[in-house]
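# Observations on chain architecture
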Amino acid sequence: MASIKALISAPFHHFIHIDFHEVVTRMTLLDKLLFLIMHFIDKLGIWHRLPVFLGGGYLAIRRHLHQQYNLINVGTTPISVRFNPVDYPYRTADGKYNDPFGDGAGSQGTFFGRNIPPVNQKDKLLQPDPMLVATKLLARKSYKDTGKQFNMIAASWIQFMIHDWMDHLEDTKQIELTAPSEVASQCPLKSFKFYKTKEVPTGFFDIKKGSLNTRTPWWDGSVIYGSNAEKLGKVRTFKDGKLKISDEDGLLMHDQDGIAISGDVRNSWAGVSVLQALFVKEHNAVCDALRREYHDLDDEDLYRHARLVTSAVIAKIHTIDWTVELLKTDTLLASMRANWYGLLGKKFKDAFGHVGGAVLGGLVGLKKPQNHGGPIFLD
């Protein structure tokens, strides 16, 4: 049987890089054909110029293959008792109980999943040096106007999102990188230090060490609410469900040490801080709207409902506004809207709600989350 599989797989190996051989051998025959189609389009570099229908098909193939073969859970498979979603119709402080089929999915302190198995790269990690790569590939040689497509707010937004999704647990040991001599004169910093990502035992025989996420990875607005009860307690007013914001200038308040009061202010700057203030105001505006319509809601109810609404607004902006503006193609616009609304479209979903699975009705509104075997993956 193994020899037959090898015989069938042999023709594929002539067309693909050796790094893909192992994963291709694990694919079904249909997936092998889909991989060849995707690989051929990638080689030509034309996916973004394809007609929308074909481009959407290409992205669907790519997503299918990634989900089937490039999502590897790290740590022991969680054995969770299914809970009743009615008991937790809100976002908890640390992200637990968001998934009825796995109480830890999306919570603080979960392992990052992987896209490929780990390999020892300690001897290759600095070859080529990252500063050399950044200088050669990313340094701007001349000014290029991005027109109406891109501005500083775009950079602020993605950092705002990173503060919502992820941060690696760090070791106490610092690492120093020094600019190589051939580009040292072009680097603003000749060297810089940072903390190494902490490797944590997984308790699993296959992948023995992994990295923990110190933030709640799901789109739960933790960038303004925090990723645990302690932080959440500092940002809430505990009156009418609202969060703290300055009445004088409408910006974030600061504590006695001059640190901004918001969900996550680590490595922050003005761009992130302004967006945090904006969505704190959005949360408080939702609280006011709910209080006018539902007089029986107390502080906790108002906070919980407003958080769900605000988190959904943030997720929607990123999915069908920011991302499609960043990669400005008709194919991506159609594909991201299909992710949100499904192939049936916005008007159908607004009228009849979520119908069908992820393809017809979109990922938003599924009765059962599609986690693909792990609590968080970045792909």
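For the protein chain, the name recorded in an unreviewed UniProt entry is Heme peroxidase, with Macleaya cordata as its organism.

This part covers the nonpolar core. Grouped together as the largest cluster of nonpolar side chains are 27 residues, with contacts concentrated most on Trp-157, Phe-160 and Ile-224. If you list the elements that add at least two residues to this core, you get helix 6 (152–165), helix 7 (222–225), helix 8 (229–235), helix 9 (270–293) and helix 10 (299–326). Not counting residues up to four positions away in its chain, the partners in contact with Phe-160 are Val-223, Ile-224, Val-272, Leu-275, Gln-276, Phe-279 and Ile-314. The next biggest cluster of nonpolar side chains, apart from the first, holds 13 residues, and it includes Val-23, Val-24, Leu-50 and Tyr-58.

On to the pattern of salt bridges. Scanning the entire structure with this criterion turns up 16 salt bridges. Arg-307 is the salt-bridge partner of Asp-220, the closest N and O atoms lying 3.7 Å from each other. Of the two residues, Asp-220 sits in the loop between strand 4 (209–210) and helix 7 while Arg-307 sits in helix 10, which places them 87 residues apart along the sequence. What makes Asp-220 buried here is its relative accessible area of 0%. Judged by its relative accessible area of 1%, Arg-307 is buried. We note a salt bridge from Asp-288 to Arg-291, for which the minimum N-O separation is 3.6 Å. Within this pair, Asp-288 and its partner Arg-291 are both found in helix 9, separated by 3 residues, close to a single helical turn. Assessed through its relative accessible area of 37%, Arg-291 is described here as partly exposed.

Residues Lys-122, Lys-173, Lys-196 and Lys-209 make up a contiguous surface patch of positive charge. Under the relative-accessibility criterion, Lys-196 is labelled partly exposed at 32%.

Attention now goes to the environment of Val-52. Tracing the backbone shows Val-52 in helix 4 (residues 52–69). The partly exposed category is assigned to Val-52, whose relative accessible area is 37%. Val-52 sits 277 residues away from Thr-329 along the chain, and the two C-alpha atoms are 9.0 Å apart. Setting aside its immediate chain neighbours within four residues, Val-52 contacts Asp-330, Thr-331 and Ala-334.

Analysis parameters
Residues numbered from 1 in each chain as written. Predicted model: local features only at pLDDT ≥ 70, side-chain atom pairs only at ≥ 80, totals over all residues. Heavy atoms only, no water. Core = buried A, V, L, I, M, F, W, Y, C linked by side-chain atoms within 4.5 Å. Buried < 20%, exposed > 50% of the residue type's maximum accessible area, 1.4 Å probe, protein only. Helix = DSSP H or I, 4+ residues; strand = E, 2+ residues; numbered from the N terminus. Contact = heavy atoms within 4.5 Å. Salt bridge = Lys/Arg side-chain N within 4 Å of Asp/Glu carboxyl O. Patch = residues over 30% accessible without salt bridge, like charges linked within 9 Å, V, L, I, M, F, W, Y side chains within 5 Å. Areas by Shrake-Rupley, 256 points an atom, 1.4 Å probe, with all protein chains shown as cover. Lys, Arg positive; Asp, Glu negative; His and termini not counted. Charge placed at Lys NZ, Arg CZ, Asp CG, Glu CD.

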